[in-house]
Amino acid sequence: MPAPAVEIRDLVKRYAGRAVVDSISLTVPRGQLLALLGTNGAGKTTTIEICEGFRRADSGSVRVLGLDPVADGARLRPKVGVMLQDGVGGYTGARALELLQLFGSYAAHPLDAVGLLDLVDLAGAARTPVKRLSGGQQQRLSLAMALISRPELLFLDEPTTGMDPQARHTTWDLIRRLRADGVSVVLTTHYLDEAEELADNVIMLHAGRIVAEGSPAELTRTNAVGQVRFSARRGLPVERLRDALPVGSAVTEVAPGHYLVSAEVTPELLAAVTSWCASQQVLAEGLTVERRSLEDVFLALTTAEGAR
Ligand SMILES: Nc1ncnc2c1ncn2[C@@H]1O[C@H](COP(=O)(O)OP(=O)(O)OP(=O)(O)O)[C@@H](O)[C@H]1O
């Protein structure tokens, strides 16, 4: 069995005595995509830059494709693609295609630079100096630079920040294709829909610690209470409806004739709401179900943590 793509145990990184990564452990199995979510300054970039060998840990162990990112850096680099937050920062004088070809020249079996530029929708900008590319175009070039060496593992630091919606969707499709080809991916993002769309697993970081982890479905199921709304005549006895629902449900008349049920949303819950209404000769109109998104879970967890 090959070693996991990434294996981190009890990782600690301190600046001026303050732990900005505070005893984090995680594993990314081969071929999977992990999304690291977190508030600003949560420690996402620090964690992945330690995995990339750009920063050193104060304690804990980090193995990337079974190797030590610092001691085995020379063996690891050809296997790993890295997209930094400011990926083309140092190369603004070069033209897009030239820069990509330069990166390809470092790799043993590079992808074709022209084809790759096309894949990230930059064929028309091949001869444009990098400094004249828009922010979103620079991001796409930076992604191509991470891909040209055919990496086994990709680190993408906020890959779609600054992209327009169309470019984001193109990038998501590309990431999905890479993942389908067996490439392992670790990405950081502030876009919770991005994590929900792409990730096998999500880790939420706050102030250097993991506050939640699981698949997007697990996180939204286990950490979230959903909502059911409906309209009916005013003044229904909400306590009696609540008593007919699973323990932990709450029912309020939020405005005259408008009702809100907060509970874990299951088929049984909906059946219980509608059958109670039927028993009262009440027609529940405009019944809607709102499942909590990853964003709701994230806000709830980080707000609660922040308040401690
Ligand atoms: N070289 C450094 N020296 C001192 N403090 C640093 C250094 N690098 C990062 N930090 C601090 O470490 C903390 C974590 O930063 P990091 O960049 O890892 O967070 P992040 O989760 O990637 O944040 P963002 O979402 O804002 O990019 C921050 O408080 C940051 O100010």
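First, a word on what this report is: a plain description of the structure on this page.

So, how was this worked out
- Residues numbered from 1 in each chain as written.
- Predicted model: local features only at pLDDT ≥ 70, side-chain atom pairs only at ≥ 80, totals over all residues.
- Helix = DSSP H or I, 4+ residues; strand = E, 2+ residues; numbered from the N terminus.
- Buried ≥ 20, exposed ≤ 12 C-beta atoms within 10 Å, placed from the backbone.
- Near = placed C-beta within 6 Å.
- Nonpolar A, V, L, I, M, F, W, Y, C, P; charged D, E, K, R; others polar.
- Contact = placed C-beta atoms within 7 Å.

Here we take up unusual backbone geometry. Notably, D10 is not glycine yet its phi reads approximately 50°, a positive angle. Within the secondary structure layout, D10 lies in strand β1 (residues 6-15). In this structure D10 comes out as exposed when scored by C-beta crowding, with 12 C-beta atoms within 10 Å.

It is worth spelling out the site of the ligand at this point. Residues in close proximity to the ligand include Y15, V20, G38, N40, G41, A42, G43, K44, T45 and T46, which together make up its full environment. When residues of the shell around the ligand are assigned to their parent elements, the largest contribution, 3 residues, is made by helix α1 (residues 44-51). Within the shell around the ligand, the residues separate by chemical class into 3 nonpolar, 6 polar and 1 charged.

Next up on the list: the environment of V185. Relative to the elements of secondary structure, V185 occurs in strand β7 (residues 184-189). Residue V185 is classed as buried on the basis of its C-beta count, with 25 C-beta atoms lying within 10 Å. C-alpha separation for the pair V185 and G41, spaced 144 residues apart in sequence, amounts to 21 Å. Not counting the four nearest positions on each side in its chain, V185 is found in contact with L33, L154, L156, I175, L178 and R179.

No statement about biological role is implied by the geometric values presented.
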